[in-house]
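Given next are the chains, with one letter for each unit.
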Amino acid sequence: QVQVVESGGGLVQPGGSLALSCAASGSIFSMDAMGWYRQVPGKQRELVAVIISGGRIVYADSVKGRFTISRGNAKNTVYLQMSSLKPEDTAVYYCNARLKKSSTTPFDDYWGQGTQVTVSS
């Protein structure tokens, strides 16, 4: 089994900052990527930021310069530091871990339960 657990989130005023953290644990043989996605009601889940094996980082254009994704010191952890938050950043944020459970299984996606981020005055 694989568990992906997020923490952080909450209510923040426009222009404020917030941090999210995520840890993946369990039967993990190899991690391909860890990242953050977000979703608002009625819309598709969208990429926010991801760290791909080898260290490449991809950000959505809408968050470039405001959000920073980083690996934690503990294995299979990732953080998202969000600053200069805008009301349009309001969404449920999901952590994703793309990994293999063994040498013979394909890469698969595992998701956290989601954490609400609300940017409002």
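Keep in mind it's a predicted model, so treat the numbers as computed, not measured.

A. Structural detail: the pattern of salt bridges. Applying the stated criterion across every chain, the model contains six salt bridges. A salt bridge links Asp61 to Lys64; its shortest N-O distance comes to 3.1 Å. This pair shows no difference in class: Asp61 is exposed, exactly as Lys64 is. Arg98 is paired through a salt bridge with Asp109; the nearest N and O atoms lie 3.1 Å apart. Taken as a pair, Arg98 in strand S9 (residues 91–100) and Asp109 in strand S10 (residues 108–111) lie far apart in primary sequence, eleven residues in all.

B. Region of interest: the packing of aromatic side chains. One pass over the full model with this rule turns up one aromatic pair. Here the aromatic rings of Tyr37 and Trp111 are separated by 5.1 Å at their centres, their planes lie at 70 degrees, and the arrangement is edge-to-face. With Tyr37 in strand S4 (residues 30–39) and Trp111 in strand S10, this pair connects stretches of sequence that are 74 residues apart. Judged by relative accessible area, Tyr37 falls into the partly exposed class, the value being 21%. On the accessibility criterion, Trp111 (35% relative accessible area) is partly exposed.

The rules we used
Numbering of residues starts from 1 in every chain and runs along the sequence as written. Given that this is a predicted model, residues contribute local features only at a pLDDT of at least 70 and side-chain atom pairs are listed and counted only at 80 or more, while totals for whole chains, interfaces and linings are drawn from all residues. Heavy atoms throughout the structure, all of them, feed into the side-chain values; hydrogens and water do not. Any carboxyl oxygen of Asp or Glu that lies within 4 Å of a side-chain nitrogen of Lys or Arg is treated as forming a salt bridge with it. Relative accessible area decides the class of each residue, using a 1.4 Å probe on protein chains only: under 20% of the type maximum gives buried, over 50% gives exposed, and in between gives partly exposed. Elements are defined by DSSP. Helices are runs of H or I of four residues or more, strands are runs of E of two residues or more, and each kind is numbered from the N terminus. Two rings from Phe, Tyr or Trp (for Trp, the six-membered ring) form a pair when their centres are within 6.5 Å of each other. A pair whose planes differ by under 30 degrees is stacked, one over 60 is edge-to-face, and the rest are tilted.

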